[in-house]
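Chain and residue survey
This is what each chain is made of:
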Protein chains: 2
Amino acid sequence: MTLQEIGKRAKDVSRRLSILGQTEKNQGLLEVAESLVAGQEEILSANEQDMERARENGMSQGMLDRLKLTPARIESMAEGLRQVAALDDPVGEVISMKTRPNGLLIGQKRVPLGVIGIIYEARPNVTADAFGLCFKSGNAVILKGGSDAISSNVAIVKRIQEGLERAGLPEDAVQLIEDTSRSTTREFMKLNEYVDVLIPRGGAGLIKTVVENSTIPVIETGTGNCHIYIDEGADLSMALNIIENAKTQRISVCNACESLVVHQSVAKEFLPQLQQRLNPYQVEIRGDERAVEIVPEFVPAAPEDWGKEYLDYILSCRIVDSFEEAVEHINRYSTGHSEAIITRDYERAQRFLNEIDSAAVYVNASTRFTDGFEFGFGAEIGISTQKLHARGPMGLKELTTTKYIIYGNGQVRP
Amino acid sequence: MTLQEIGKRAKDVSRRLSILGQTEKNQGLLEVAESLVAGQEEILSANEQDMERARENGMSQGMLDRLKLTPARIESMAEGLRQVAALDDPVGEVISMKTRPNGLLIGQKRVPLGVIGIIYEARPNVTADAFGLCFKSGNAVILKGGSDAISSNVAIVKRIQEGLERAGLPEDAVQLIEDTSRSTTREFMKLNEYVDVLIPRGGAGLIKTVVENSTIPVIETGTGNCHIYIDEGADLSMALNIIENAKTQRISVCNACESLVVHQSVAKEFLPQLQQRLNPYQVEIRGDERAVEIVPEFVPAAPEDWGKEYLDYILSCRIVDSFEEAVEHINRYSTGHSEAIITRDYERAQRFLNEIDSAAVYVNASTRFTDGFEFGFGAEIGISTQKLHARGPMGLKELTTTKYIIYGNGQVRP
């Protein structure tokens, strides 16, 4: 099938999906979950082809692990779909409705976006996840996964479509672009006629390519160079707990802490304790001159360190003379994802919340909470670091738009 | 100044603007209004330079009229700013706030977008309008007007900056790109480091160029191929009133009606009445075969007619056999702006509201109401026909984003 045909099919089916009832959608999700589990052998054998090719191509152990499917992982994809079925359907909610002086009753109603394109990399579980969220929110989805996982993705999409069919629902609700060539991907990014939104999920390189080449509106799910600022007079033992959690609980995620900013008045007492606390994890702390002076074990930071998302057991550390300098440093180097202040001061807590320009700003808590599940959305399609449409964790609601519905009785404009 | 410098200044000042209080912002707007009126001679003489150049270049009368400023038009720009000062400030509103089981208090707060870029064409009043809306919503704005109005724009921005200065506010809140060359405009569209959102205001050509070339997120303010569907059993006299209003009240606007869809059961009775009602305006009606058969004065429509936004005394007219055919026709050819049904039938009214995929969908009212003022927003920066971020008329609220603010007391993620 050509991209044009895929686009047209998605657009056509999106009309039908947009008016599906909650019950129908939930039944569809449950059937698809069943179908994945029932088709497990088919999926696993397709995945084995991908794994074999990947091993031949010398893929790293970490990447191989992300690519690999097991019965447990397939069950977990199915369980994800069942959980999405249990969530509230955001479609159809009327957010506001008012009568104008001329008698027009104007309401704003939540409706699906239409057709969502998802471009992602090696993890095949994204295939089922993305389908589930898009389908529940009434959207058609066109998936473009990485070439490494193509056999797995084909098998998963086939099982999803069979599940949909069994539920009497249109299988075009999910389509996979099987041609994973670069040229097709670029063409996909310009399919404005059919695709309403494009969401890239993957590393910084993928996201940059999509932002630079797409003419379709993009929701950027971004990298996180997350900061924690230790304020003058902060509870240092709370600071240590939070930093230990935010740095070491899971290093490869976008809401992990990458950089500390420490008020000079607490640095001498705090930094040696920090060194001790993070020592068991062998975290390399890259400090500015003053920090290294206090703890000689710190590695001197290079200027590039302030802007880096390490995703590793590394942490940069800068000492500042004032709250204002901390805010300025963070707003300059952060990627606008998640930042936290550890403080006992009411005024500075409020100012931090106001003045830091990030998707999620914390007082006295770990940045690791920036997550759709932790925020209580029940699901997450990604974390937006852009300001348009959605900012922060995106759940089902963020996969919808609104339309104005207007009830009149003959009104004309004077 | 280079574009990079303009961008950096805007980004810097946006931090300060984002935390300005309502009172300060309103005083700034009133000072700027004063400054425009007081500087009227300066602005008029700059405008005269633009007019002279435009006449030499053979600009059409209609375009000359849009370019021309008068004392009354300057007063009306000032009045616009005073009205914006009187509107509620959307910034700072906490849309929702909930306590999670772990005690984290998570709120979603409305904040400015940051730096807004506006690319527009000849009308110099946009300069003051756009500044007013962006400033009130706490954003810095970078303006890129057309070359035809460059002297007027320079003079207007100078007066705005003087007003801001008099109010003790940063003049970088508004900056004008004085180099109107195409290459600079293209460079501007890729200034992602500094600009958060780009809003093009102008004709279809300008909007297409921006959508295709910008790497900054764009809010598309679109063209309107608006439809009115006359249902079986409709109140025909209501239909005539609404069509007369939607087609003829103002032909050059995006919410004017461009196309009729008529149920075959009412066509014979309705179309001759329509011909008579629109005759005084010399509206050319381009009908399909069956329509022309009923009213021979109609002009036979070409296939291209169904997708056209005429912005003229022209109306296309198609007869359909069913409600479903009408919905399909409209969803296929509309630009997703505004569509109306004229009906007495409850079920079909509700279905039209649900099934038509447009920013504003009406029952028994004129499409001409799609407008920020008519919707009660008190202001309008444009009408979005895209689905991301804002759909339909955009007021102050649509110039904001949100951020999550999280109050903790030491929480870490298990």
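These remarks concern the structure in this document. Everything quoted here is computed from the prediction, not taken from an experiment. (Residues numbered from 1 in each chain as written. Chains lettered and ligands numbered in written order. Predicted model: local features only at pLDDT ≥ 70, side-chain atom pairs only at ≥ 80, totals over all residues. Heavy atoms only, no water.)

1. Regarding the overall build of chain A
Regarding its fold elements, chain A presents 14 helices and 16 strands. For 414 residues, the compact-globule estimate of 2.2 N^0.38 gives 22 Å, and the C-alpha radius of gyration of chain A, at 24 Å, lies within 12% of that figure. With the C-alpha coordinates of chain A rotated into their principal frame, the extents come out at 70 × 70 × 35 Å. For chain A, the residues scored as buried account for 58% of the 414 residues in total. For chain A, the accessible area works out to roughly 16200 Å², and carbon and sulfur atoms hold 46% of it. (Helix = DSSP H or I, 4+ residues; strand = E, 2+ residues; numbered from the N terminus. Rg over C-alpha atoms; globule rule 2.2 N^0.38 Å. Buried < 20%, exposed > 50% of the residue type's maximum accessible area, 1.4 Å probe, protein only. Areas by Shrake-Rupley, 256 points an atom, 1.4 Å probe, with all protein chains shown as cover.)

2. Some points on the pairing of strand S2 (residues 105–112) of chain B
Residues and elements named next belong to chain B. With seven of eight residues buried, S2 lies mostly within the body of the structure. Summarising the sheet, strand S1 (residues 94–99) and S2 pair through five bridges and their orientation is antiparallel. Bridging from a neighbouring strand, Thr99 pairs with Leu105 of S2. What sits between the antiparallel neighbours S1 and S2 is a turn of five residues, in which Gly103 has the positive phi angle 90 degrees. As judged from the eight bridges shared by S2 and strand S16 (residues 400–411), these two strands associate in the antiparallel manner. From the neighbouring strand, Lys109 faces S16, where its bridge partner is Lys403. (Pairing = 2+ DSSP bridges.)

3. What about the interface of chain A and chain B?
Reports of interface size often rely on the accessible area that becomes lost once the parts have come together. Listed per partner, the contact involves 71 residues of chain A and 71 residues of chain B. Roughly 5900 Å² of surface becomes buried between chain A and chain B when both sides are summed, with 53% attributable to carbon and sulfur atoms. Interface area lost by chain A to chain B is led by Leu388(A), Tyr404(A) and Arg413(A), which between them contribute 15%. The tally of links between chain A and chain B comes to 47 residue pairs in polar contact (both at pLDDT 80 or more). (Contact = heavy atoms within 4.5 Å. Buried area = accessible area lost by both parts, 1.4 Å probe. Polar contact = N/O pair within 3.5 Å; in protein donor to acceptor, adjacent residues only side chain to side chain.)

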